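Structure assessment
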Amino acid sequence: MAIDKITVQSEAGKGIEVAVIDINPHVITVAIGEGIHNVKCKLLPTENGRAYVGNVMGREIVYEKSVEEIKKMLGVGKIERKNVKR
């Protein structure tokens, strides 16, 4: 199974690659670090919905994708029509 990774920005502007545990438009759960030394973090959307923000050990991290971009990536809101045989 391939591990999905995203790049988040730290307070200092440095890019950090993190593993995605769970993703949906309301919250993104990520793991920073590897093995037994990893730390889980929940990224929540900002008030204007243009980014996701979370705290890890007192430091702020930002994922600079909007809620709309995440919805498009996940395919939320698409209606799939299935052919029904009668």
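Rules and cut-offs
Think of each chain on its own: its residues are numbered from 1, step by step along the sequence as written. The model is predicted, so local features are restricted to residues of pLDDT at least 70 and side-chain atom pairs to those at 80 or more, both for listing and for counting; the totals for chains, interfaces and linings are taken over all residues. Water and hydrogen atoms were dropped before computing side-chain values, which therefore reflect all heavy atoms in the structure. The salt bridge definition used is simple: a Lys or Arg side-chain nitrogen within 4 Å of an Asp or Glu carboxyl oxygen. By the criteria applied, helices consist of DSSP H or I runs no shorter than four residues and strands consist of E runs no shorter than two, each listed in order from the N terminus. Exposure categories follow from relative accessible area, calculated using a 1.4 Å probe and restricted to protein chains: below 20% of the type maximum is buried, above 50% is exposed, and the middle band is partly exposed. As used here, the term nonpolar core means buried Ala, Val, Leu, Ile, Met, Phe, Trp, Tyr and Cys residues forming a set that is joined through side-chain atoms within 4.5 Å. In this description, contact between two residues means that some pair of their heavy atoms is separated by no more than 4.5 Å.

We now examine the pattern of salt bridges. In this structure the tally under the stated criterion is 1 salt bridge. A salt bridge links Glu11 to Arg59; the nearest nitrogen and oxygen atoms lie 3.5 Å apart. Residue Glu11 is found in the loop between β1 (5–9) and β2 (15–24), and its partner Arg59 is found in strand β6 (residues 59–63); the two are separated by 48 residues along the sequence. Judged by its relative accessible area of 55%, Arg59 falls in the exposed class.

This part is about the nonpolar core. In terms of nonpolar packing, the biggest core is built from 15 residues, with Ile6, Ile28, Val30, Leu43 and Tyr63 touching the most fellow members. Take this core: its biggest share by element is 3 residues, from strand β3 (residues 27–32). Setting aside its immediate chain neighbours within four residues, Val30 contacts Ile6, Val18, Ala19, Val20, Ile21, Val39, Lys40, Cys41 and Leu43.

Before going further, it helps to spend a moment on the environment of Ile6. With respect to the helices and strands, Ile6 occurs in strand β1. Of the residues examined, Ile6 reaches a relative accessible area of 14% and is grouped as buried. Beyond its immediate stretch of four places on either side in the chain, Ile6 contacts Ile16, Glu17, Val18, Val20, Ile28, Val30 and Tyr63.

As a further point, take unusual backbone geometry. Non-glycine residue Met57 carries a positive phi angle of around 50 degrees. In this structure, Met57 sits in the loop between β5 (52–56) and β6. For Met57, a relative accessible area of 72% corresponds to the exposed category.

With that settled, the discussion passes to the environment of Ile21. If you trace the backbone, Ile21 turns up in strand β2. On a C-alpha basis, the gap between Ile21 and Cys41 in space is 9.6 Å, while along the polypeptide they are 20 residues apart. Residues within four places of Ile21 in sequence aside, it is in contact with Thr29, Val30, Ala31 and Lys40.

The next thing to look at is the side chain of Thr29. Here Thr29 is to be found in strand β3. Look past the residues within four positions of Thr29 in its chain and what remains in contact with it is Ala19, Val20, Ile21, Asp22, Cys41 and Lys42.

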